[in-house]
Amino acid sequence: MVSCCPYSLLQTPVTRILNNSLVLVAVTLLICLSSAFTFNLGQKHEKFCAVETDRAADSATALYARSKGRQDGGRQQPAAAAQNPAAHNPRLGKTIPRLVVFDLDFTVWRPEMYELAGAPFTRTEDGRVFDRAWEEVRPFPDVRAVLERISTSAEFAGCEVAAASRTDRVAWAQECLRLLDAHGGGGRMADVFRYKEIYPGTKTRHFERLRAVSGVDYEDMLFFDDW
């Protein structure tokens, strides 16, 4: 008579040890491969973000240069510029704006001022800023990189930064500018934004004031807004 028994009873202790060892090796290899893949993705993501930040800045500069060319009506460039197209910007060969203007709500940070509980605002040791209900005022990911590039890069020498915001929470916006770090190089946003036109009304009024206080013509300004 042939009797049946479970497969596990037919295995010798040595066989069980070998099987368990193979499983352990397989799991270890999977963990190593997963870690390597995750690390590689992280490196690629960091490189992608750096490239995209540079590409965005270059595209904005090129867009400004094209718009300025249209405003000039195709007038011939001065002889020096014709001989050296990169006179203003050796790296890009494009004209750099003299004033870069940012809206604040949903352009520099989020949420918008009217969505917050309001002052007093608190700055933590790690530089984060919260309203009185402990909702964080968060700059968009690339804002600090852009501000740092404009503030510290030789290619933007002579270029200034301004704010144009129609918020009616003027004091809150100004306090957030005083509390938020501008970039990794140090300083607060209030230090980087040379001109601050923050009050209800129209953007037309903001830009009239900006031209008056900065002495920069509209054709030499570059404006970022979420609309």
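Refer to the structure presented above.
All values reported here derive from a predicted model rather than from experimental measurement.

A look at the packing of aromatic side chains
Move 1: Applying the stated criterion to the full structure yields six aromatic pairs.
Move 2: With a centroid separation of 5.3 Å and 50° between ring planes, the pair formed by phenylalanine 130 and tryptophan 134 is classed as tilted.
Move 3: Overall, phenylalanine 130 belongs to the buried group, its relative accessible area being 11%.
Move 4: Accessibility expressed as a relative area gives 53% for tryptophan 134, which makes it exposed.
Move 5: Between phenylalanine 207 and phenylalanine 223 the ring centres are 4.9 Å apart and the planes differ by 80°, which places this aromatic pair in the edge-to-face class.

Digging into the sheet that holds strand β2 (residues 109–110)
Move 1: Pairing in this open sheet of four strands is antiparallel, and the strands run β2-β5-β4-β3 from one edge to the other. Strands with a single pairing partner mark the edges of an open sheet, and in this sheet they are β2 and β3 (122–123).
Move 2: Where strand β4 (residues 129–130) and strand β5 (residues 136–139) come together, two bridges link them in antiparallel fashion. Note that in β5 the partner of valine 129 across the bridge is valine 137.

Examining the side chain of glutamate 155
Move 1: Its location among the elements puts glutamate 155 in the loop between α4 (143–152) and β6 (160–165).
Move 2: Within polar-contact distance, the side chain of glutamate 155 engages the side chain of arginine 149 at 3.1 Å.

Description of the sheet that holds strand β8 (residues 221–224)
Move 1: A sheet is described by the order of its strands in space; here four strands give the open sequence β7-β6-β1-β8, paired in parallel fashion. This sheet does not close on itself; its edge strands, each paired only once, are β7 (193–198) and β8. Strand-to-strand, the axes of this sheet are offset by a mean angle of 20°, without reference to chain direction.
Move 2: Relative to β8, strand β1 (residues 99–102) is paired through four bridges, and the arrangement is parallel. Directly across from valine 100, in β8, lies its bridge partner leucine 222.
Move 3: Against the sheet, α4 engages β1, β6 and β7, with an angle of about 160° to β1.

Observations concerning the side chain of lysine 203
Move 1: Counting through the fold element by element, lysine 203 comes out in helix α7 (residues 203–214).
Move 2: Lysine 203 has contacts with Asp103, Ala164, Ser165, Arg166, Phe223 and Asp225, leaving out every residue within four places of it along the chain.

Observations concerning the pattern of salt bridges
Move 1: Scanning the model with the defined rule gives nine salt bridges in all.
Move 2: The shortest N-O distance in the salt bridge between glutamate 197 and arginine 209 comes to 3.8 Å. In this pair, glutamate 197 is assigned in strand β7 and arginine 209 in helix α7, connecting sequence segments 12 residues apart.
Move 3: Its salt-bridge partner being aspartate 225, residue lysine 203 comes within 3.9 Å of it at the nearest N-O pair. You can see lysine 203 sitting in helix α7 and its partner aspartate 225 sitting in the segment after β8, a full 22 residues away along the chain.
Move 4: Judged by relative accessible area, which is 26%, aspartate 225 ranks as partly exposed.
Move 5: Here the residues in one salt-bridge network are Asp103, Lys203 and Asp225, joined through shared partners.

Each value, and the rule that gives it
- Residues numbered from 1 in each chain as written.
- Predicted model: local features only at pLDDT ≥ 70, side-chain atom pairs only at ≥ 80, totals over all residues.
- Heavy atoms only, no water.
- Phe/Tyr/Trp six-rings, centres within 6.5 Å; stacked < 30°, edge-to-face > 60°.
- Buried < 20%, exposed > 50% of the residue type's maximum accessible area, 1.4 Å probe, protein only.
- Pairing = 2+ DSSP bridges.
- Helix = DSSP H or I, 4+ residues; strand = E, 2+ residues; numbered from the N terminus.
- Polar contact = N/O pair within 3.5 Å; in protein donor to acceptor, adjacent residues only side chain to side chain.
- Axes fitted to C-alpha atoms, helices over the stretch in contact; angles between N-to-C directions.
- Contact = heavy atoms within 4.5 Å.
- Salt bridge = Lys/Arg side-chain N within 4 Å of Asp/Glu carboxyl O.

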